[in-house]
Amino acid sequence: MQTIERAPDFPRQIQKMFGAVAPKYDFLNRLLSAGRDQHWRQAAVNLLSPQRGERYLDIATGTADIALEIASRYPSELKVMGIDFSGPMLELGQKKIREKNRQQTISLQKGCGESLPFADASFHGGISAFGLRNFSDPKRALTEMHRVLKPNGRAVILEFSHPSNPVLGWGYLFYFHFLLPQVGKYFSQHESAYNYLPQSVAKFPMRKELALLMEESGFQRVTHQDLTYGIVTLYQGIKNG
Ligand SMILES: C[S@@+](CC[C@H](N)C(=O)[O-])C[C@H]1O[C@@H](n2cnc3c(N)ncnc32)[C@H](O)[C@@H]1O
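Throughout what follows, the structure given in this document is the object of discussion. (Residues numbered from 1 in each chain as written. Predicted model: local features only at pLDDT ≥ 70, side-chain atom pairs only at ≥ 80, totals over all residues. Heavy atoms only, no water.)

### Some points on the side chain of Asp26
Applied cut-off: Secondary structure elements follow DSSP: runs of H or I no shorter than four residues count as helices, runs of E no shorter than two count as strands, and numbering proceeds from the N terminus. Any N or O atom pair separated by 3.5 Å or less is treated as a polar contact, with the protein-specific requirement of one donor-capable and one acceptor-capable atom, and with residues adjacent in sequence counted only for side-chain atom pairs. Here, residues are in contact when the closest pair of their heavy atoms is within 4.5 Å.
Of note, Asp26 is situated in helix 1 (residues 10-32). Polar contacts involving the side chain of Asp26 include one to the side chain of Thr63, which spans 2.7 Å. Other than its neighbours up to four places away in sequence, Asp26 contacts Thr63, Asp65 and Lys96.

Structure follows, in structure tokens:
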């Protein structure tokens, strides 16, 4: 497995970047994915398969879309904890939680995904959507996720990939590396955040490599499946019982 090199100030840069784009984050997600992003999150939560009476952890929860999706399955009959290190992203998430009246179901906490402030075996399932790629040490984040899961707990990861069809792949490369950064910059008014997105995907392990990283972090029965022609991939792994 290749090592992922990060500059020492990488976490601070990422935190600053998400803090700056937070007000436009949801809008740009919907626009740049033509509305597919919420479908991908629903598929990820389907795979997590939340059950009544259980506790779930959403790592790098951002504006809490995944946490809200989990909560929508059995409102007031399960609990969701969302953790993220960006205050502005969490504030927007909290606003959405209030608007949907899910305060009894979802709690948000500021914290680092590579050093989770939770006891071992605290959650029945853990999930991270578009988060892992932004960690300075993704393996450490996965190991932490494994630690806080109960035996037989399920981990679900949703991350960008690259379409496996070569024709589609070229068209998508043009969109992802050329059009998307310009549209993202125009609406977010942030110089580099939407250049960082395709660059970070290009450098990050996908499919078999990311599945291997999950196995190296302790997960078993790791599987992966592409969604929307392989633009994104869903991963799952189980903590041994
Ligand atoms: C692309 S957003 C994904 C947000 C959300 N999961 C979603 O589906 O939209 C990535 C999030 O990861 C958070 N993040 C990045 N590194 C982190 C870390 N080390 N600890 C906690 N959160 C982190 C960022 O603040 C940001 O909110």
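### Details of the sheet that holds strand 1 (residues 55-59)
Strand pairing in a sheet relies on backbone hydrogen bonds, with the paired strands running either antiparallel or parallel. Convention followed: At least two bridges found by DSSP between two strands is the condition for calling them paired. Axes here refer to lines fitted to C-alpha atoms; in helices the fit is confined to the stretch in contact. Angles between the N-to-C directions go from 0 to 180 degrees.
Ordered by their spatial adjacency, seven strands build an open sheet running 3-2-1-4-5-7-6, and the pairing between neighbours is mixed. Each edge of the open sheet is held by one strand with a lone partner, namely strand 3 (106-110) and strand 6 (220-227). Adjacent strand axes in the sheet meet at a mean angle of 15° when their direction is disregarded.

### A word on the site of the ligand
We count it as follows: Any residue with a heavy atom lying within 4 Å of a molecule or strand is counted as near it. Charged residues are taken to be Asp, Glu, Lys and Arg, nonpolar residues to be Ala, Val, Leu, Ile, Met, Phe, Trp, Tyr, Cys and Pro, and polar residues to be all remaining types, Gly included.
Looking at the ligand, there are 20 residues lining it, with Tyr25, Arg41, Ala60, Asp84 and Ala129 nearest. Asp84 places a polar side-chain atom, nitrogen or oxygen, 2.6 Å from an oxygen atom of the ligand. Broken down by element, the residue count for the shell around the ligand peaks at four residues, all from helix 1. When the residues that make up the shell around the ligand are grouped by side-chain class, the tally is 10 nonpolar, seven polar and three charged.

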